[in-house]
Amino acid sequence: MKNSSFTENFHSSDGGIGLYAENQSSNNTFSDNTLATTRDNASTIVFYPGATANTLIRNQVNKEGTGGSVYSDLDGGNINLDL
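Remember, it's a predicted structure, so these values are computed and weren't measured experimentally. The residue numbers shown here count from 1 along each chain, following its written sequence. Predicted model: local features are reported for residues with pLDDT of at least 70 only, side-chain atom pairs are reported and counted for 80 or more only, and whole-chain, interface and lining totals are derived from all residues. Excluding hydrogens and water, the side-chain figures rest on all heavy atoms present in the structure.

**Q** Please explain the sheet that holds strand S4 (residues 29–31) as it appears in this structure.
**A** Sheet strands associate in pairs through backbone hydrogen bonding, adopting either a parallel or an antiparallel arrangement. Strands were regarded as paired on the criterion that DSSP finds at least two bridges between them. A run of DSSP states H or I qualifies as a helix once it reaches four residues; a run of E qualifies as a strand once it reaches two. Both are numbered from the N-terminal end. In spatial order, the strands read S1-S4-S7-S10; together these 4 strands make up an open sheet with parallel pairing. Each edge of the sheet is formed by a strand with only one pairing partner; in this case those strands are strand S1 (5–7) and strand S10 (79–80). Summarising the sheet, S4 and strand S7 (residues 55–57) pair through 3 bridges and their orientation is parallel. Within S7, the position partnered with Ser 31 by the bridge is Ile 57.

**Q** Can you walk me through the pattern of salt bridges in this structure?
**A** One side chain can pair with another of opposite charge once the charged atoms of both are near each other. Any carboxyl oxygen of Asp or Glu that lies within 4 Å of a side-chain nitrogen of Lys or Arg is treated as forming a salt bridge with it. Scanning all chains against the criterion turns up 1 salt bridge. The partner of Arg 58 in a salt bridge is Asp 32, with the nearest N and O atoms 2.9 Å apart. Here the residue Arg 58 occupies a position in the loop between S7 and strand S8 (60–63), and Asp 32 occupies one in the loop between S4 and strand S5 (34–37), the gap between them amounting to 26 residues.

**Q** Looking at this model, I keep getting lost on the sheet that holds S8. Mind explaining?
**A** With parallel pairing, 3 strands are arranged side by side in an open sheet as S2-S5-S8. Of all the strands in the sheet, the pair left with one neighbour each is strand S2 (10–13) and S8. When strand polarity is set aside, the average angle formed by the axes of neighbouring strands in this sheet is 5°. Inspection of the sheet shows S2 paired to S5 by 4 bridges, in the parallel sense. Only the contacting stretch of a helix is used when fitting its axis, a line to C-alpha atoms as for every element, and angles between N-to-C directions run 0 to 180 degrees.

Shown next, in the form of structure tokens:
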């Protein structure tokens, strides 16, 4: 996906990852969403290498399980204004 906006969505996952963006996913905006994971050792938001220039803003992020991470940007090319 490229040059898209994802706004006012709710996503809950009992799997390993809540929101993820893969290689070639760029210039997207994720705003005013609720993102949740409930499994232990899960990652709520992950940007994989090659996913660049994506922006997170005004999202509610809920991580209920133990271990894992709330946010991972594996190559550092994205902007998280929620931190």
